[in-house]
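Spelled out, the chains give:
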Amino acid sequence: MKNNQDNYFEKYIKKQSDEKAEMLEVFFREFNIHCLLKNTEKKILREDFEKAILYYETIGVPLEKALELLDIKYLGGFYARPPILWLALDDAAKIYPMSMKHGSMPIFRMSVYLKKEVVPELLQMALNFTIKRFPSFATTLKKGFFWHYLDTAKRRFCVEKENDIPCQPIQVSYSGSQSFRVLYYNNRISVEFFHVLTDGTGGMTFLKALTAEYLRLSETDIVMDETIWDVNDTPDSEEFENAFAKVTQSDTASGFIDKSAVQMSGRLAVNTPCRIVHLKMNTLELKNAAKKYNTTVTGYLLMLMFLAGKAATDELSGDISIQVPVNMRKFYPSETVRNFSMYCGIRIPITEINDAPSMVDEINTQLHKKASKEAMIEMLTSTEKMVNMLKYVPLAVKQPVAKVIYGFLGDKIFTNTLSNLGVVEMPSSISKHIESMDFILGTAITNRAGCSVVTFDNITTFSIAKMTVDPSFEEKMYDLLQADGVEVIVEGSENYEN
């Protein structure tokens, strides 16, 4: 029996003149040449085109213009060529699929809020056209004998209407399953990534390209520049290389293992994250506040997080430690959209967290030393040594060992995380259609919160992914910012525990 989509489109074709019916026949003949997927996948991909054409009709776009916007050439050869690419996991990603436990996996999320409601038919087509530019994302995670790896997945990657808590685990065990999600809700487009695929820089590169392609399909007159990847360019091998291989190892290695850090108090929630809180600030006000303390925006936010973390725990001794990811591209320029980040831990005894001025010098010193090129190389050397230790151990044996190792390397040695993506730049022809952006970290197993920052169009959004309903941390952050003259607009979700 034919489905409703078949019936709708057949009726649509019957309404057309002979000339337009011929145009559609030629159009889909070209589609057949460019799409050699399995019949079920091919049918769904064709329906994406049909739905987009029907949508354009409802808003009065002439068929000629609709077919121009949806030109089959934008598929490239991606859906016509067999899957041959496979990729070994990059050095940072190797531990992720082995260390998953308790229904937790490292997921992060990036969102763009448009000034108009998202049209799902056009977003799906934008993804259909964009994915070919990111071959390392068009993959599925598989188990090898010694390591997991990424295998090409020639399929129709789907967008979904958002109906769940952000950053939930992705089912990667099914054959051909994708390791990322594209979601929409009202005017929001979100992409959630399993960290095995990419880091924040790579994820943002994808989101920007997807957004630009969506706006093009929305008949927006956009002008591209070097800040946006053209989805029709041919991918370069550097863009999905394991950039860690570029780094010359150090003679010394810095260890991962550290003592457990103080954790914020509050009962762990059943649903995680149990709430997302966004603190939106004027970027200039935030920079001025940081200047008063003679530190950077990252240093300033760390300072406030130490104070807020102390206010959110009943512990009287021990260290508060905040994990800070470090983008290695600033030391070793690379176009890779795979993982190329390490991290450092900024650690202060809780008894020494008393007031902002007394901590600034210590935070600045630790950031300068621990986030330096030399320190990152030493940590990378440690990573390589750990990987080499397990290199020829079968995965079936290695996986439980990795879980034990992760128990020492995992979130217990940190209280919180601060991941700052920095300033997102886009052409004005695109940014004028965007209301705001945010960036969310998936929750860890032990830490009660994870913090992330992104700046767009002079608005800095500090996001907190909560694992406890206790509001002490975010309330203290708000009060401290306000006291420094930084006006804060609070947005976010309801409590998912309700």
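Look a little higher up for the structure.
Owing to the predicted nature of the structure, the values given are computational and were not obtained by experimental measurement. (Residues numbered from 1 in each chain as written. Predicted model: local features only at pLDDT ≥ 70, side-chain atom pairs only at ≥ 80, totals over all residues. Heavy atoms only, no water.)

Participant: Help me understand the overall build of the chain in this model?
Facilitator: If you tally the helices and strands in the chain, you get 14 helices and 15 strands. Overall, the C-alpha framework of the chain stretches about 80 × 55 × 40 Å when taken along its three principal axes. Within the span of the chain, comprising 498 residues, buried residues form 56% of the whole. For the chain, long-range pairs separated by at least 24 residues make up 77% of all intrachain contacts whose partners lie at least 6 apart in sequence. Roughly 22,200 Å² of accessible area belongs to the chain as shown, and the carbon and sulfur atoms make up 52% of that amount. Put simply, the chain has 56 plus and 64 minus side-chain charges, and the middle of one group is 5 Å from the middle of the other. (Helix = DSSP H or I, 4+ residues; strand = E, 2+ residues; numbered from the N terminus. Buried < 20%, exposed > 50% of the residue type's maximum accessible area, 1.4 Å probe, protein only. Contact = heavy atoms within 4.5 Å. Areas by Shrake-Rupley, 256 points an atom, 1.4 Å probe, with all protein chains shown as cover. Lys, Arg positive; Asp, Glu negative; His and termini not counted. Charge placed at Lys NZ, Arg CZ, Asp CG, Glu CD.)

Participant: Can you walk me through the pattern of salt bridges in this structure?
Facilitator: Pairing is possible between side chains that carry opposite charge, provided their charged atoms lie close to one another. In total, this model carries 21 salt bridges according to the counting rule given. In this structure, Asp151 and Lys142 form a salt bridge, with 3.0 Å as the shortest nitrogen-oxygen distance. Salt bridges here are not isolated pairs; linked through shared partners, they connect Arg109, Glu162, Arg181, Arg188 and Glu192. (Salt bridge = Lys/Arg side-chain N within 4 Å of Asp/Glu carboxyl O.)

Participant: Sorry, what's going on with unusual backbone geometry here?
Facilitator: Most peptide bonds adopt trans geometry, and most residues besides glycine take a negative phi value. The amide bond that connects Thr272 to the next residue, Pro273, takes the cis arrangement and shows omega of -10°. Among the secondary structure elements, Pro273 is positioned in the loop between α7 (200-217) and β8 (275-282). Backbone geometry places Cys167, a non-glycine residue, at a positive phi of 60°. By the element assignment, Cys167 lies in the loop between β5 (159-161) and β6 (180-185). Residue Asn294 is not a glycine yet carries a positive backbone phi of 60°. By the secondary structure assignment, Asn294 is in the loop between α8 (283-292) and α9 (297-311).

Participant: I tried to follow the sheet that holds β5 on my own but got confused; where do I start?
Facilitator: Paired through backbone hydrogen bonds, the strands of a sheet run either parallel or antiparallel to each other. The strand order across the open sheet built from five strands is β5-β6-β7-β2-β12, with neighbouring strands paired in mixed fashion. For this open sheet the edge positions go to β5 and β12 (434-441), each flanked by a neighbour on one side alone. With strand direction ignored, the average angle separating the axes of adjacent strands in the sheet is 20°. Of the pairings in the sheet, the one linking β5 to β6 comprises three bridges and is parallel in character. (Pairing = 2+ DSSP bridges. Axes fitted to C-alpha atoms, helices over the stretch in contact; angles between N-to-C directions.)

Participant: In this structure, what is going on with the environment of Phe194? I would like to understand it.
Facilitator: Along the chain, the position of Phe194 falls in strand β7 (residues 188-194). The sequence separation of Phe194 and Ala209 amounts to 15 residues, and the corresponding C-alpha distance is 19 Å.

Participant: Help me understand the side chain of Thr139 in this model?
Facilitator: One can find Thr139 in strand β3 (residues 139-143). At 2.9 Å, the side chain of Thr139 and the backbone oxygen of Ser136 are in polar contact. Setting aside residues no more than four positions away along its own chain, Thr139 makes contact with Leu150, Asp151, Thr152, Ala153, Phe157, Ser177, Gln178, Ser179 and Leu197. (Polar contact = N/O pair within 3.5 Å; in protein donor to acceptor, adjacent residues only side chain to side chain.)

Participant: I'm lost on helix α3 (residues 39-58) in this one. Help?
Facilitator: An α-helical segment advances 3.6 residues per turn. Residues three or four places apart therefore align on the same side. If you check α3, its first and last C-alpha atoms are 29 Å apart, about what 20 residues at 1.5 Å a residue would give, namely 28 Å. Within the sequence span of α3, burial applies to Lys42, Leu45, Glu47, Asp48, Phe49, Glu50, Ala52, Ile53, Leu54 and Tyr56. Positioned one or two residues after α3, Gly60 has a phi angle of 85°, which is positive. (Expected span 1.5 Å × (residues − 1).)

Participant: Please explain the sheet that holds strand β1 (residues 86-88) as it appears in this structure.
Facilitator: Taken in spatial order, the three strands make up an open sheet running β1-β4-β3, and their pairing is antiparallel. At either margin of the open sheet sits one strand with a lone partner, and together these are β1 and β3. Pairs of neighbouring strands in the sheet enclose a mean axial angle of 30°, with direction left out of account. Here β3 runs beside strand β4 (residues 148-152); their pairing, made up of five bridges, is antiparallel. Along β4, the bridge assignment pairs Lys142 with Tyr149.

Participant: It is not clear to me how the nonpolar core should be interpreted in this structure. Could you clarify?
Facilitator: Counting 92 residues, the largest nonpolar core has Phe49, Ile53, Phe180, Phe206 and Tyr214 as the members making the most contacts within it. Here this core takes nine residues from α7, the largest share from any one element. Ignoring anything within four residues of it in the chain, the contact list for Phe49 reads Phe27, Phe28, Phe31, Leu70, Ile72, Leu75, Met125 and Phe129. Grouped together as the second largest cluster of nonpolar side chains are 62 residues, Val247, Ala290, Leu307 and Ile353 included. (Core = buried A, V, L, I, M, F, W, Y, C linked by side-chain atoms within 4.5 Å.)

Participant: I keep staring at the packing of aromatic side chains and nothing clicks. Help me out?
Facilitator: Aromatic ring pairs are defined here through the distance separating the ring centres and the angle between the ring planes. The full count for this structure, using the stated rule, is 25 aromatic pairs. Where Phe31 meets Phe49, the ring centres are 5.5 Å apart and the plane angle is 65°; that geometry is what we call edge-to-face. In this pair, Phe31 is assigned in helix α2 (residues 18-34) and Phe49 in helix α3, connecting sequence segments 18 residues apart. Look at Phe49 and you get buried, because its relative accessible area is 0%. For Lys280, the ring lying beneath its charged end belongs to Tyr113, and the centroid distance is 5.7 Å. Above the plane of the ring of Tyr332 lies Lys373, whose end atom (NZ or CZ) is 4.9 Å from the centre. (Phe/Tyr/Trp six-rings, centres within 6.5 Å; stacked < 30°, edge-to-face > 60°. Lys NZ or Arg CZ within 6 Å of the ring centre and 35° of its normal.)

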